Amino acid sequence: MRLRPARAGAVLLWLAVCSWPLHAAHPQSPIEDRITVRGAYFREASTRVIQPMMEASKTLPWGMDAGGHFLVDAISSASVAQGVMTDKVFRETRYEGSLQLGITLPDTTRLGAFYRYSTEPDYKSHTAGGSVTREVWQRTGVVGLAAAGTWDSVRPHGQTRKSHEVYFVGASYLQVLGPTTIVQGLYEVFNQRGFISNPYISHANLGRDVVPNRRLRHAAVVKGAQYFPSVTAGLQLHYRFYFDQKSLTNTGPWGMTAHTVEARVHKDLSRDVELRLDYRFHLQNAARFWCNSDPGQGGEIGCYPMGATYHSVDPKFGDATTHVAQGKLIWDTRLFGGLGGAFDLLAGGSFEVSYAYYFENTSYGMLFNDSNAPPVVGDLPWGRSHGGAHLIQTGYSLPF
Amino acid sequence: MSMDASSRRPRGLVVLAAALMCGLVLGGCAQTPPPVRPWQRGYLAKRALQFNDGLEARFRQHMFASREGAEGGYGFVGGGCGCN
C-alpha cells in the first residue's frame, strides 16, 4: 500500500505524541472541589441581558472528576438584531446547563467529555464533545486535542423550523518557558452548516436575510504571559487571527478575516487584592457577499441587486472595529481565616467584580440617550459619545 | 468532490513536514532539561500566568459572537440575541 504524505505525517505525529517521555512522579488532576456563583449585566442602548450563573466541580476517586454549570439569560431587546421597532420590546429567557466528566490517568493524560443543553422559546441547542490533554517535558508543557459537535433547532416566530450544526476540532500546546513565563498556541476549525442567518432581521426590499449555509471557520491564537516579581505585576498578550471560507478549496461568498489583540495587566495591590486591566481590539473585514445597505451607517439600501443570491443587513458580517476596556478587582477573602465557624470556610474563596465598556462602530452600538441609558453607569461620558455597551460582572468562588 | 491529486500533494507534504518538525522538537525535549524545576513553580499559580477565564470568558465570547461575525463559532446558541 502506498503511504500518502498526509497519512505518513499523521502516523509520525501520532508516534511523536505517544513517545513523549514523561517524568511526572505525582500527576494530579487539575480540577478542584469548587463552587462559583456569578452574575452578569449587559446593557446596550436597545438590549439588556441579566445572567445569573453557577458552576461547580468535584474530584472523584480513581482520578476522576465531574462538573457542570447552570445559567439563565434574561434578555430584553428592541434592537436591530431582532428586527423590531424600538417601541416593541422583545423579552426572552434562555436556560443553559452542562455536565462534564474527566479522568486523569497515571501518565498525566487527561480525558474529558461534556454535554451542554440550551433552550429558549425559539432555539434549542445540544452540544457534546471530548478532549484529551497530556502533560509533557516534566510537566512543563501541555498538549491538547478537542472535538465537539453542536446541533441546533431554530424556530423563529412565525417561520418554519430550521437546523444548524457546528463541528469543531482544535489543537493546543502550552509551554512553561521559565519560572515566570508561559506561552500557548491554539488552532481551531469550525465547520458550520445549516441556518446561519439571523432570523429576525430583514432587508426592506429583499426580505429575510439569506446567508450561505456552509461555512468553514479557522482561528489561530497565540498567548504569552510574563510575571514580574519585583513589581508584583504581570502582563498577558493574546493575538487571534481568523479567516473563513465555504470549503477547504473554495473561499466562496465568505472571505472574512479578522485580527484580535488583547493585553492584560495584573497588579497585586496587596496580599489579598489584585487589579486587572484589559484592553481588547478587534478588526474584521466584510464577507464577500455582504454590502452595507444601511443608510444610517453610510451605506446604500440598493447595494444588493434584486434577486441577489445572498444578502444580509446584519452588521456583524460587515467591516467592524470594536474595542473593549475593562477593569477588574479580585479579593481573596483570606482575612476570614481564623475567625472560626463558617468564616473559616469562606477564607479560601475569592470575590471579584469587573466593569467593561464595549465600543462598537456598527449599528449595534447605538448611542445612549436620556430614555435608554442605564442608571449610574449610563452617565459615564463615553456612553453618550460612543456607541457600545456596558458590561458588569461579579462573582464569588469557593473551594470546599 | 473534484479535488485532484495535484492539489492534495502540497497539503500532504506540509503535514508531513510539520510532523517531522514536531518529532524533532519533541525528541529534543526528551534530552533537554525542562525550563522550570519543581521548586521554581511558585509564581505559576499567579492569575497573571493563567489563561483560563472560565465563565467570565464565556459571557464575553457570547457578547462578541453576537456582534462580530469573525468571533464565535463555539456552538453558542442564538435566538433572542441574534447570536447564531
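Check the entry above for the structure.
Below is a short write-up of the structure. (Residues numbered from 1 in each chain as written. Chains lettered and ligands numbered in written order. Predicted model: local features only at pLDDT ≥ 70, side-chain atom pairs only at ≥ 80, totals over all residues. Heavy atoms only, no water.)

## Side note on the overall build of chain A
Along chain A, the regular secondary structure elements total three helices and 18 strands. Expressed as a percentage of its 400 residues, the buried residues of chain A come to 46%. (Helix = DSSP H or I, 4+ residues; strand = E, 2+ residues; numbered from the N terminus. Buried < 20%, exposed > 50% of the residue type's maximum accessible area, 1.4 Å probe, protein only.)

## Some details on the pairing of strand β16 (residues 320-332) of chain A
Across a regular strand the side chains alternate sides, sitting on one face of the sheet and then on the other. Residues and elements named next belong to chain A. Of the two faces of β16, the one holding Ala320, Thr322, Val324, Gln326, Lys328, Ile330 and Asp332 is buried and the one holding Thr321, His323, Ala325, Gly327, Leu329 and Trp331 is not buried anywhere. In this sheet, β16 lies alongside strand β15 (residues 273-284) in antiparallel orientation, the contact comprising twelve bridges. Looking at β16, one finds that Phe281 is bridged to His323. With eleven bridges joining them, β16 and strand β17 (residues 350-360) adopt antiparallel strand pairing. Looking at the pairing, His323 lines up with Phe359 of β17. (Pairing = 2+ DSSP bridges.)

## A short note on the state of the cysteines
Residue and element names in this part refer to chain A. Counted according to the given criterion, the structure contains one disulfide over all chains. Disulfide pairing is shown between Cys291 and Cys303; the S-S distance is 1.9 Å. Between Cys291 and Cys303, the S-S dihedral sits near 75°, and the bridge is therefore right-handed. Taken together, the residues Cys291 in the loop between β15 and β16 and Cys303 in the loop between β15 and β16 connect sequence positions twelve residues apart. (Disulfide = S-S within 2.5 Å.)

## What to know about the pairing of strand β14 (residues 257-268) of chain A
Residue and element names in this part refer to chain A. Of the two faces of β14, only one is covered, namely that formed by Ala258, Thr260, Glu262, Arg264, His266 and Asp268; the face formed by Thr257, His259, Val261, Ala263, Val265 and Lys267 stays uncovered. As judged from the eleven bridges shared by β14 and β15, these two strands associate in the antiparallel manner. Along β15, the bridge assignment pairs Thr260 with His282. Hairpin remark: β14 followed by β15, antiparallel, with four residues in the connecting loop.

Just distances and angles here, no functional claims.
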